[in-house]
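For reference, the chains in residue letters:
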Amino acid sequence: MKRIALLIVTGFCVAMVPAAQIEPNWESMAANYDPPEWLIDGKIGVWTHWGVPSSIDENRPNDGSHYGRRMYGDKDFSGPPTPQSEMTRKLHEWHEKTYGPVEEFGYEDLVPKFKAEKWDPEALVKFFKDNGARFIMPVATHHDNFDMYDSFHPWNAVDMGPRRDTLKEWKAAAHKHGLKFGVSTHLYWSPRFFKDARQYQKPGTLAWKLFNMDFDPRGYASQDSWNEHWYARCWELIEKYDPDMFNNDSPYPSEKTGKNLGLRLFTDFLNRDRKENQGKQSVVLSFKDGRANRAAFTYNLERGSSGVIQPNPWMWATDVSGGWFYRKGAVNRMSIPVLVGNAVDAISKNGIVMLNVALRGDGTLPANQAAYISAVGDFMKINGEGIYGSRPWKVYGEGPLEIKTGRQGENKKPYSQEDIRFTTKDGILYAFVMALPTKDVVIRTLAREVYEGDIGSISLMGSDETLNWKRSAEALTIQLPKTLPGQTVIGFRIVPASAIQRVARYPKFSWDHVPLYMHMRKSAAFTPEELDYLAGFPLITLEKTTGSKTYGSSEDGSREAAKAIKAVNKDACVLYYRNVMCNYSSYKVNEGLKDIPGAFLQGRDGNRRLHRGKREVYDLSNPALRKWWVDHCVEMAGYDEIDGLFLDGNIKALEPAFLGKEIGLERKQEVAEGYSVMMQDLKDRIPPDKMLVANIIRARLTDSGLSYMQYFDGSYLEGIESPANGLTRLEYLAK
């Protein structure tokens, strides 16, 4: 659905809301964990496995991404050979043949080979963004205990190897290109990872630290010193790099044997963020514990899939390299069309897509992996409208290909044109055909008896072709388009008839020029010359007091002005003004306020004129007040000459600084919660052909107010003429 952006100016200050602490237990985490909209809206991320293993001879045998473990063999293994034992045996033999005996050339001797001499993080991040990614997540530490950042642990990429703080550079590149930045740590079972290297280590050497010689390779999980060390390493990572996402790709200290340091780290991460963001969560916590309550974190379903729509957002993480870390002979057995299809399948089921790439030791991206990322980008350039910001529909889709729920069982089978997946956004349904069709597209879920309501239009994303379609009691049938955009999955935009009615009320708009919109008031009637001038604008908001002196009230004055404007230009869109917080005296509807006890907020000192000491302010936590307010808005929007509503004062309802001292922050939070209830009620009740516009996009709000856009068709952009909150006017507008 189209959005409208207009310009108005104001200024304000920010106060912090104390956030209730999440306790380090699953119940508290599940009750409070709230994944941010940037994750759910962004959908596509890139994970990067890159480190010491990336620089080892690219022609090495398969190491299962665990070179450092397998190179030492497995002295504890006995019994008949298995695929895993044979992989370890062959790699051990190859290492000794290539580099020498492990007691003479150990894993620590591979570190100098990791140089990152061609690594260009900015170019890589730009490539990822250009091809659909909205966040990146480099590995900070893998099982090999080597930190890719400036760490207190001596084995790190700043002090040896590349001698660069790779996380700092990844983050700078991400922020430059407007992407969110995550980190992934795989540290926890590192003592066990190097169990077969221990026999070759000597006390007092630097290698002693790399191979975790101070910790028990079998009993580390119940060893206080290791659990505390793990916490310290992870907390340094969080404090120093302030990630938007923290992924723990290993076990963690348990509640019983690990002093509960795992849940303490996770809740400390979340509480730190909530404290800095007025009580709201802006970060993502993810890991792979399938036994835990998945409402408490974002579940990383690595190389898995879901057969149903999951109640909580989850992550489908897959690897396009074929081996997680770079190895020339690695093969991705999932074809490009299947990968794109699997991504759409996950998103249709409330999933987030995380695609791992494996850089070479020099920091470059192999062409075969770039081809997968580019294919996703090609799809998103055409179909992103139905992916970004979308949500699952009431069913995920239809078709013969069976997708099962579980880890390590991701689909590698090809889709057919009978496989359909759905998403929805702003009242529009998107139907994705999971293979390029060769005949008419039949969607049985959208039969007249199944899909409620009339379909207004169907179009193919990436195409201007007019489509022929018909709907029966058995199915919706779309005639095969003459041309098909893209090479993998295609997407249809299905607009309900009710939404077309609403779009018809939008003002005419073109990106070819900057549109001028009018927002004004005059207490007397407009002159003929003024009406001619106003009628030349595509969208006009009639502010408070409009015509009130001439016609007796803001309601009647606004209606008469709207009729007069439309008499000059019938296509002009006129909005009726309403303030969500401040009570202005020129409205005749105010007579009903005397029948609503507690309609206005009152300061702790008894003062009721809280807006600049002049006027009363609505108590939005009062259900009776909210009903009175919404009833009036719905009534005014019902008149033919009124095309919708402009709602002012939203920042006053939502920002703690406004009246926070006068009524208290807890009371103000109740007002903010009442605001959301009132806006949802208004959205549900306003006629479908009328617009709702507000000045809700504000840099002072968490996520700049985007989460509140669910209630509105558009927003003015306000407060950009002067510096505010330490930001220049350009920085404020950009935020």
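Residues numbered from 1 in each chain as written. Predicted model: local features only at pLDDT ≥ 70, side-chain atom pairs only at ≥ 80, totals over all residues. Heavy atoms only, no water.

Turning our eyes to something else, we now look at the overall build of the chain. The helix and strand tally for the chain stands at 21 helices and 23 strands. The C-alpha atoms of the chain give 30 Å as radius of gyration, which agrees with the globular expectation for 735 residues (27 Å, within 12%). Seen through its C-alpha atoms, the chain measures out along the principal axes to roughly 95 × 70 × 40 Å. Scored against the burial criterion, the 735 residues of the chain give a buried share of 57%. For the chain, long-range pairs separated by at least 24 residues make up 71% of all intrachain contacts whose partners lie at least 6 apart in sequence. (Helix = DSSP H or I, 4+ residues; strand = E, 2+ residues; numbered from the N terminus. Rg over C-alpha atoms; globule rule 2.2 N^0.38 Å. Buried < 20%, exposed > 50% of the residue type's maximum accessible area, 1.4 Å probe, protein only. Contact = heavy atoms within 4.5 Å.)

The sheet built from three strands is open, its strands ordered S13-S16-S15 with antiparallel pairing. One side of each edge strand has no neighbouring strand; the edge strands of this open sheet are strand S13 (441–443) and strand S15 (469–471). Sheet twist, expressed as the average angle between the axes of neighbouring strands with direction ignored, equals 15°. Examined bridge by bridge, S13 and strand S16 (residues 476–478) share three bridges and lie antiparallel to one another. In the strand pairing of S16, Ile-443 is matched with Leu-476. (Pairing = 2+ DSSP bridges. Axes fitted to C-alpha atoms, helices over the stretch in contact; angles between N-to-C directions.)

One finds Tyr-107, Phe-128, Trp-170, Trp-230, Phe-246, Phe-266 and Leu-285 to be the most contacted residues of the largest nonpolar core, which totals 127 residues. Every residue in contact with Phe-246, bar those within four places of it in the chain, is listed here: Val-183, Thr-185, Cys-234, Leu-237, Ile-238, Leu-265, Phe-266, Phe-269, Val-284, Leu-285 and Ser-286. Core analysis: the next-biggest nonpolar cluster, separate from the first, contains 71 residues, Phe-646, Ile-663, Ala-694 and Ile-697 among them. (Core = buried A, V, L, I, M, F, W, Y, C linked by side-chain atoms within 4.5 Å.)

Turning to the confidence of the model for the chain, a few remarks are in order. Put simply, the chain has an average pLDDT of 90, and 93% of its residues get 70 or more. Note on residues 1–17: pLDDT is under 50 here. Beyond four places in sequence and across chains, it has 68 contacts. (pLDDT = per-residue confidence, 0-100.)

Pairing within the open sheet is antiparallel, and its five strands lie in the order S10-S11-S12-S17-S14. The open sheet is flanked by strand S10 (397–398) and strand S14 (455–460), the only strands paired with a single partner. Alignment of S10 against strand S11 (residues 420–425), held across two bridges, turns out to be antiparallel. Looking across to S11, one finds that Gly-397 is bridged to Arg-421. Helix-sheet contacts for helix H11 (residues 336–348) involve S11 and strand S12 (428–433), and the interaxial angle to S11 is about 50°.

We now examine the pairing of strand S9 (residues 351–358). Summarising burial for S9: eight of the eight residues are buried, a large majority. Because side chains alternate across S9, one face comprises the buried residues Gly-351, Val-353, Leu-355 and Val-357, and the other comprises Ile-352, Met-354, Asn-356 and Ala-358, equally buried. Pairing analysis gives six bridges linking strand S2 (residues 44–49) to S9, with the strands arranged parallel. When the bridges of S9 are listed, Val-46 appears paired with Leu-355. As paired strands, strand S8 (residues 314–319) and S9 are joined by six bridges and run parallel to one another. Following the sheet pairing, Trp-316 is matched in S9 by Val-353. This β-α-β element, S8 to H11 to S9, shows right-handed connectivity. (Right-handed = clockwise from strand over helix to strand, strands pointing away.)

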